[in-house]
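# Tertiary structure, described
Spelled out from the first residue to the last, the chains are:
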Amino acid sequence: LEIAQSLPAFSTLVAAAGQAGIAPLLSTPGYKTVFAPTNEAFAALGNNTAAWILNTHNQQALLATLFYHITTGAVTTGSIKPPQQVPTLLATLDQSRGIPQLLKFVRADGQWFVNSAKIADADVSASNGVIQVIGSVLVPSNIGLPTADVVQTAIATPILSTLVTAVTTAGLAAALSQPNGPFVVLAPTDAAFASVPASILNCLLANVGALTQVLLQHVAMGYVYSEQIASGATLTTLGGRNLTFTVGAGVSVSLGSVVANVVLPNVDTSNGVVHVIDTVLFDN
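First, a word on what this report is: a plain description of the structure on this page. None of these values were measured; they are calculated from a predicted model.

Counting secondary structure elements, the chain contains eleven helices and 14 strands. Along the longest, intermediate and shortest principal axes, the C-alpha atoms of the chain span 75 × 40 × 35 Å. Burial statistics for the chain: of 284 residues in total, 45% are counted as buried. Considering only contacts in the chain between residues 6 or more positions apart, those separated by 24 or more positions represent 64%. Looking at the chain as shown, the accessible area adds up to about 12900 Å², and 58% of this sits on carbon and sulfur atoms. For the chain, the distance from the average position of its 7 positive side-chain charges to the average position of its 12 negative side-chain charges is 16 Å.

By the secondary structure assignment, His 218 is in the loop between α11 (208–216) and β9 (219–221). Setting aside chain neighbours within four positions, we find His 218 in contact with Val 184, Val 185, Leu 186, Pro 188, Ile 277, Val 280 and Leu 281.

Moving on, we get to the sheet that holds strand β13 (residues 258–269). With mixed pairing, the seven strands of this open sheet are ordered in space as β9-β8-β14-β13-β12-β11-β10. This sheet does not close on itself; its edge strands, each paired only once, are β9 and β10 (234–236). Neighbour-to-neighbour, the strand axes of this sheet turn through a mean angle of 30°, independent of strand direction. In this structure, strand β11 (residues 242–247) lies alongside strand β12 (residues 251–255), joined through four bridges in antiparallel fashion. When the sheet's bridge partners are listed, Val 247 is paired in β12 with Val 251.

Turning to the sheet that holds strand β3 (residues 85–87), a few remarks are in order. With respect to topology, seven strands assemble into an open sheet ordered β2-β1-β7-β6-β5-β4-β3, the strand pairing being mixed. Every interior strand has two partners, whereas the edge strands, β2 (70–72) and β3, have only one. Each neighbouring strand pair of the sheet contributes to a mean axis angle of 30°, computed without reference to strand direction. Across three bridges, β3 lies against strand β4 (residues 102–108) in antiparallel orientation. If you follow Pro 87 over to β4, its bridge partner there is Leu 102.

Moving on to the side chain of Ser 226. Mapped onto the secondary structure, Ser 226 falls in the loop between β9 and β10. Apart from the residues within four sequence positions on either side, Ser 226 is in contact with Val 251, Pro 265, Asn 266 and His 275.

Attention now goes to the packing of helix α10 (residues 198–206) against α11. Axis separation between α10 and α11 bottoms out at 5 Å; the angle between their running directions is 105°. Considering their axes alone, α10 and α11 lie roughly perpendicular with respect to each other. Contacts between α10 and α11 involve Leu 204, Leu 205 and Ala 206 from the former and Val 208, Ala 210, Leu 211 and Val 214 from the latter. The class makeup of the residues in the contact of α10 with α11 is seven nonpolar, no polar and no charged.

A few words now on the nonpolar core. Core analysis: the biggest nonpolar cluster contains 59 residues, and Ile 22, Phe 105, Val 114, Leu 138, Val 253 and Leu 281 have the highest contact counts within it. By residue number, the principal contributor to this core is helix α6 (residues 59–67), which donates six residues. Contacts of Leu 281, omitting those with residues within four sequence positions, involve Leu 186, Val 214, Gln 217, His 218, Leu 243, Val 253, Leu 255, Val 258 and Ala 260.

Each pair of packed helices gets described by two things: the angle between the helix axes and the distance between those axes. Running from N to C, helix α8 (residues 161–170) and α11 cross one another at 125°; their axes reach a closest spacing of 9 Å. Between α8 and α11, the interaxial angle falls into the category oblique. Viewed along their axes, α8 and α11 form a crossing whose handedness is left-handed. Of α11, the residues touching α8 (which contributes Leu 163, Ala 166, Val 167, Thr 169 and Ala 170) are Val 208, Leu 211, Thr 212 and Leu 215. Split by residue class, the contact of α8 with α11 holds seven nonpolar, two polar and no charged.

Another point: the environment of Leu 66. Following the sequence through the fold, Leu 66 ends up in helix α6. Owing to a relative accessible area of 6%, Leu 66 belongs among the buried residues under this scheme. Setting aside residues up to four positions removed in sequence, Leu 66 forms contacts with Leu 13, Ala 16, Ala 17, Ala 20 and Ile 22.

Turning next to unusual backbone geometry. With an omega of 5°, the peptide bond running from Gln 178 to Pro 179 counts as cis. Its location among the elements puts Pro 179 in the loop between α8 and β8 (183–188). Along the chain, Gly 181 connects to Pro 182 via a cis peptide bond; the corresponding omega equals 0°. Backbone geometry places Asn 115, a non-glycine residue, at a positive phi of 55°. Counting through the fold element by element, Asn 115 comes out in the loop between β5 (111–114) and β6 (117–126). Taking the relative accessible area as the measure of exposure, Asn 115 reaches 28% and is therefore partly exposed.

Analysis parameters
Residues numbered from 1 in each chain as written. Predicted model: local features only at pLDDT ≥ 70, side-chain atom pairs only at ≥ 80, totals over all residues. Heavy atoms only, no water. Helix = DSSP H or I, 4+ residues; strand = E, 2+ residues; numbered from the N terminus. Buried < 20%, exposed > 50% of the residue type's maximum accessible area, 1.4 Å probe, protein only. Contact = heavy atoms within 4.5 Å. Areas by Shrake-Rupley, 256 points an atom, 1.4 Å probe, with all protein chains shown as cover. Lys, Arg positive; Asp, Glu negative; His and termini not counted. Charge placed at Lys NZ, Arg CZ, Asp CG, Glu CD. Pairing = 2+ DSSP bridges. Axes fitted to C-alpha atoms, helices over the stretch in contact; angles between N-to-C directions. Parallel < 35°, antiparallel > 145°, perpendicular 65-115°, else oblique. Nonpolar A, V, L, I, M, F, W, Y, C, P; charged D, E, K, R; others polar. Core = buried A, V, L, I, M, F, W, Y, C linked by side-chain atoms within 4.5 Å. Left-handed = near helix turned anticlockwise from the far one by under 90°.

Next up, the structure:
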C-alpha cells in the first residue's frame with residue numbers, strides 16, 4: 001500500500017481501497033499479489049462504469065472488484081506457466097457465487113497479460129508481496145453492473161411511456177443514452193403527465209423548445225441515490241434550475257412551489273440513476 005500511496009498514478013486505486021475498507025489488508029504482513037490498475041485504467045472504464053463502481057451505494061460491487069485484483073502469495077511472472085490460473089480473494093465474499101474467481105495468465109508477443117489486461121510493469125517488489133501494474137481494471141462478471149441506459153430503462157418501464165414520448169419528441173434520447181452521463185433523472189409517471197391539463201401538455205408536445213426546457217428540469221449530472229440525499233439538499237438541473245429535496249418518511253423534490261414525491265427510488269441504469277416521481281416538475 002505504501003508503494004501505491006507514493007505514486008500519483010495509483011491515486012484512484014488508493015482511494016478505492018480506503019473507501020472499501022481494505023487498506024489494512026494491503027498493509028498487513030503476509031505475502032500477497034496485487035494487480036494494480038493505474039488511474040488511466042480506471043479512466044478507460046468510462047465515466048459511467050467508473051462512477052457506478054466507485055459510488056458508495058455499490059460498496060459490495062467495489063469490494064468484489066478490488067478482491068478480484070488480489071491473490072495470496074507472491075505471484076511473479078517467473079513463477080507462472082501460462083495459461084496458468086490463480087485464485088483471487090473474491091472467493092472469500094459471500095456474494096461471489098457464480099462469479100469467476102480465477103485470473104488467467106497469458107504470454108503473447110513478448111507481453112504478459114492477466115485475463116485481458118496487459119501487465120505494464122511486472123514483479124514490483126514490496127515488503128509484503130508483489131505488485132503487477134496493469135493497464136485495465138478487472139471487472140468481475142455478475143456484480144450487478146447495469147447494462148441498460150437511462151433511455152432503454154425508460155422504454156422498458158410501462159409507467160414511463162409518456163416520458164419516453166416526450167424525450168423522443170424533444171430529440172433528447174441520444175443525449176441521455178450511453179456513453180453520455182452519468183445522470184440523475186427524476187422521471188414523472190404517465191399518471192403525473194395525465195394530471196397536467198391537456199391544453200398545456202399538448203402545447204408542450206408541439207413546442208420542442210419549451211418541452212426541452214421542462215424535461216431538462218428533471219435531469220442533473222451524477223450518480224445520486226436516495227440514501228445519499230439530505231433534507232434541504234439542492235441539485236442543479238441541466239435546465240439551470242435548482243431542485244430542493246425533503247427527506248422524511250420518503251423523499252420529495254420541489255421546483256419552486258411544485259412538489260413531487262419519489263415513488264420508486266434508485267432505479268439503476270448503465271449511465272445514471274432514475275428516481276420515479278408522481279408529479280411533473282413544471283411551474284409554467
